[in-house]
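# Architecture at a glance
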Amino acid sequence: MKLLVTGGAGFIGSALSKRLHDDGIDVVVIDNFNEYYDVTLKRSRQKEFLNGVEVVEGDITDKPFLEKLFTDNQFDAVCHLAAQAGVRYSVDAPEVYVNTNVLGIQILFEVMKNHSVKRMIYASTSSTYGTATAAPFKEDVSADKPVSVYAAAKRAAELLAHSYYVQYGIETTCLRFFTVYGPWSRPDMAMLKFAQKIIAGAQIDVYNNGDLRRDFTYIDDIVEGFVKAIHTPLGYEIINVGNGSPVELLKFVELLEKELGIPAQKNLLPMQQGDVYETYADTNKAKELLGFQTKVDFKTGVKHFVHWYKDYYKA
Ligand SMILES: NC(=O)c1ccc[n+]([C@@H]2O[C@H](COP(=O)([O-])OP(=O)(O)OC[C@H]3O[C@@H](n4cnc5c(N)ncnc54)[C@H](O)[C@@H]3O)[C@@H](O)[C@H]2O)c1
């Protein structure tokens, strides 16, 4: 089996590529190593996780580049994780999101079509639910009320995937991830930012006085769900990959404080506009179709994260 992993130097893509390589699968990674966050972290992941994996530097919006890559390699499927991630930055640079997350996947589908590659597993997001439904989020709601350009672009990609399924028989499993965390995570995500600030003695902004609930999913669980999806062709499907058990923001801060051994300076703030009180996954479909259930509890996951953080950042 030969797989293309896009965004393979990223937080999730690098962990997935290592797992696939360890499973004896032939993996080719593409990544453009952009500067959205510290490129050193992407290079460090490459060293740590992509030993023995072919890494090709390039952009998914570069069609001639992809055409050549697909001519040189006969892929059985594409694991598509390359994206402009992060909700906040989509306020500053919406065009980057449409370019990479919408145009990028469409170009990828065209090239897959040209080379008769018939399967994609796509890293989608719980953000697609927007305000369309109350938690727990179930896959069968229309998800037509995104509240950020990031969410709208990721949802648009799911819709494009459906059209390539109907028109050209390319099967896509869209996995909607719920807040992924763990070692080697992105520096723009809450857990890493909070850890940084707690160590520096700086204040952390705690919205709605900490009365918010989020579904955190440990990186190894996400990878396991992804691997199960690779081995389970389903036509076109959308499946949540989350814990299904939300954690309170204050509990999250408390665990970080405990693992870091430093009390946090909390800046308690009211609810942010556009924010939602609670997000978590309905996990029944993942259980039914993929036989998938998360294994790592939050406390253990935070412990692993802090251990890595202290080691990597010499904190
Ligand atoms: N981390 C989460 O909590 C989370 C939650 C839901 C969904 N997702 C999705 O999972 C995927 C991976 O997220 P992540 O947290 O690992 O992010 P990440 O930013 O660490 O990884 C994305 C990788 O894609 C690469 N990339 C970006 N644009 C590219 C382009 N045009 N061409 C080639 N490479 C490009 C980046 O350099 C990066 O290495 C994304 O699609 C994201 O939307 C992540």
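Figured I'd write up the structure that's included with this text. Per-chain numbering applies: the sequence of each chain, read as written, is numbered from 1 onward. In view of the model being predicted, local features appear only for residues whose pLDDT reaches at least 70, and side-chain atom pairs are presented and counted only at 80 or more, with totals across whole chains, interfaces and linings using the full set of residues.

This part is about the overall build of the chain. Comment: elements are numbered from the N terminus, with helices defined as DSSP H or I runs of at least four residues and strands as E runs of at least two. A count of helical and extended segments in the chain gives 11 helices and 14 strands. Our radius of gyration is a C-alpha quantity, and the globule rule it is checked against amounts to 2.2 Å times the number of residues to the power 0.38. Relative to its length of 315 residues, the chain is compact, with a C-alpha radius of gyration of 19 Å against a globular reference of 20 Å. Reported as C-alpha extents along the three principal axes, the dimensions of the chain are approximately 55 × 40 × 40 Å. A burial count over the chain gives 43% of its 315 residues as buried. Neighbour counting defines burial: a residue surrounded by 20 or more other C-beta atoms within 10 Å of its own C-beta is buried, one with 12 or fewer is exposed, and intermediate counts give partly exposed, using backbone-placed C-beta atoms.

The next subject is the site of the ligand. Here, nearness is defined through the C-beta atom: a residue counts as near a molecule or strand if that backbone-placed atom lies within 6 Å of it. If you check the shell around the ligand, you find 28 residues, and the closest are G7, G10, F11, A83 and A123. Those elements that place two or more of their residues in the shell around the ligand are α1 (11-22), β2 (26-31), α5 (94-114) and β5 (119-125). A per-element tally of the shell around the ligand places α1 first, with three residues. Following the grouping adopted for this structure description, the nonpolar residues are Ala, Val, Leu, Ile, Met, Phe, Trp, Tyr, Cys and Pro, the charged ones are Asp, Glu, Lys and Arg, and the polar ones are all others, Gly among them. Split by residue class, the shell around the ligand holds 13 nonpolar, 11 polar and four charged.

This brings us to the environment of A161. Inspection of the secondary structure puts A161 in helix α6 (residues 149-168). Between the C-alpha atoms of A161 and K2, which are 159 residues apart in sequence, the distance is 21 Å. Contact partners of A161, with chain neighbours within four places excluded, come to M120, Y122, T172, C174 and Y236. Throughout, a pair of residues is in contact if the C-beta atoms placed from their backbones lie within 7 Å.

The next point concerns unusual backbone geometry. In this structure, the amide linkage connecting A135 to the following residue, P136, adopts the cis form with an omega of 0°. Within the secondary structure, P136 sits in the loop between β5 and α6. At S116, a position not held by glycine, the phi torsion is positive, near 55°. Here S116 lies in the loop between α5 and β5. For S116, a count of 12 C-beta atoms within 10 Å gives the class exposed.

Time to look at the packing of α5 against α6. Every axis corresponds to a line fitted to the C-alpha atoms, with the helix fit spanning only the stretch in contact, and the corresponding angles, defined between N-to-C directions, vary from 0 to 180 degrees. Packing of α5 against α6 leaves a shortest axis separation of 9 Å and a crossing angle of 15°. Considering the angle they form, α5 stands roughly parallel to α6. Seen from above, α5 lies across α6 with right-handed handedness. For the pair α5 and α6, the contacting residues are P94, Y97, V98, N101, V102, I105, Q106, F109 and K113 in the first and V149, Y150, A153, K154, A156, A157, L160, Y164 and Y168 in the second. Broken down by class, the residue content of the contact of α5 with α6 amounts to 14 nonpolar, two polar and two charged. Roughly parallel means an angle under 35 degrees; roughly antiparallel, over 145; roughly perpendicular, 65 to 115; everything else is oblique. Should the near helix be turned anticlockwise from the far one by less than a right angle, the crossing is left-handed, and should it be turned clockwise, the crossing is right-handed.

This next bit is on the packing of α1 against helix α8 (residues 219-230). At a minimum axis distance of 10 Å, the contact between α1 and α8 shows a crossing angle of 60°. The orientation of α1 relative to α8 falls into the category oblique. Between α1 and α8 lies a crossing of right-handed hand. Contacts from I12, A15, L16 and R19 of α1 reach α8 at I219, I222, V223, F226 and V227. Looking at side-chain class alone, the contact of α1 with α8 contains eight nonpolar, no polar and one charged residues.

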